[in-house]
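Now for the letters of each chain:
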Amino acid sequence: MFQGETAITLDDKGRVAIPAAYREAVAKTGNRLVITYNPFELGCLWIFPQAAWEELRDTVVGYSSIKASHRNLQMKLIGAAAHVEPDGNGRIQIPASHRRAIGIEKHAVLLGMGGKFELWSEQAHQAKIQQTIGEEDITEEMLHLKL
């Protein structure tokens, strides 16, 4: 289970270091990760452990490509998927095309989101966290939270 927010810096080769707190958990998942686009949010990549990725991939591949929204989801998730493994220093290579697409240059934010990570450009993350959840956005499930 991944959770927490970490400001990270990309090195000159486009690598990011997985925070030490997550390295053991990543190793337990087989030390293979998959990076792909977040199809629902601008400025964000998703990073999945291999097994979680395969489950999602198999579900999305099963969607009929007759619908444009299915093709779009398949393109952004499956078509853009890149397999990576942490090196000896716990760094992973973020593909240049992925960095360009979401606007990551030097600084980013890594969020542990349960079964996956989200890698946000610094600017997109700032914009997102400054948005509040309005009363009209509250779902039935959220009404049961004890906050």
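Look above for the structure.
The structure contained in this document is the topic of the report that follows. Not measured: the values here are computed from a predicted model.

Our next topic: the side chain of lysine 116. Mapped onto the elements of the fold, lysine 116 is located in the loop between strand S7 (107–114) and strand S8 (117–121). For lysine 116, the contacting residues outside a window of four places in its chain are Phe2, Trp46, Ile47, Phe48, Pro49 and Leu111.

Within this structure, the stated rule accounts for 6 aromatic pairs. Considering the side-chain rings of phenylalanine 2 and tyrosine 22, the 5.9 Å spacing of their centres and the 85 degrees angle between planes classify their relative orientation as edge-to-face. Remark: tyrosine 22 occurs in helix H1 (residues 20–28) and phenylalanine 2 occurs in strand S1 (residues 2–9); sequence separation between them is 20 residues. Side by side, phenylalanine 2 and tyrosine 22 carry an identical accessibility label, which is buried.

Take the packing of helix H2 (residues 50–61) against helix H3 (residues 68–79) next. Orientation of H2 relative to H3, taken along the N-to-C sense of each, is 150 degrees, at an axis distance of 10 Å. By the angle between their axes, H2 is roughly antiparallel relative to H3. Here H2 runs over H3; the crossing is left-handed. Within the contact between the two elements, H2 uses Trp53, Leu56, Arg57, Val60 and Val61 and H3 uses Leu73, Gln74, Leu77 and Ile78. Among the residues forming the contact of H2 with H3, the class breakdown is 7 nonpolar, 1 polar and 1 charged.

What counts as what
Residues numbered from 1 in each chain as written. Predicted model: local features only at pLDDT ≥ 70, side-chain atom pairs only at ≥ 80, totals over all residues. Heavy atoms only, no water. Helix = DSSP H or I, 4+ residues; strand = E, 2+ residues; numbered from the N terminus. Contact = heavy atoms within 4.5 Å. Phe/Tyr/Trp six-rings, centres within 6.5 Å; stacked < 30°, edge-to-face > 60°. Buried < 20%, exposed > 50% of the residue type's maximum accessible area, 1.4 Å probe, protein only. Axes fitted to C-alpha atoms, helices over the stretch in contact; angles between N-to-C directions. Parallel < 35°, antiparallel > 145°, perpendicular 65-115°, else oblique. Left-handed = near helix turned anticlockwise from the far one by under 90°. Nonpolar A, V, L, I, M, F, W, Y, C, P; charged D, E, K, R; others polar.

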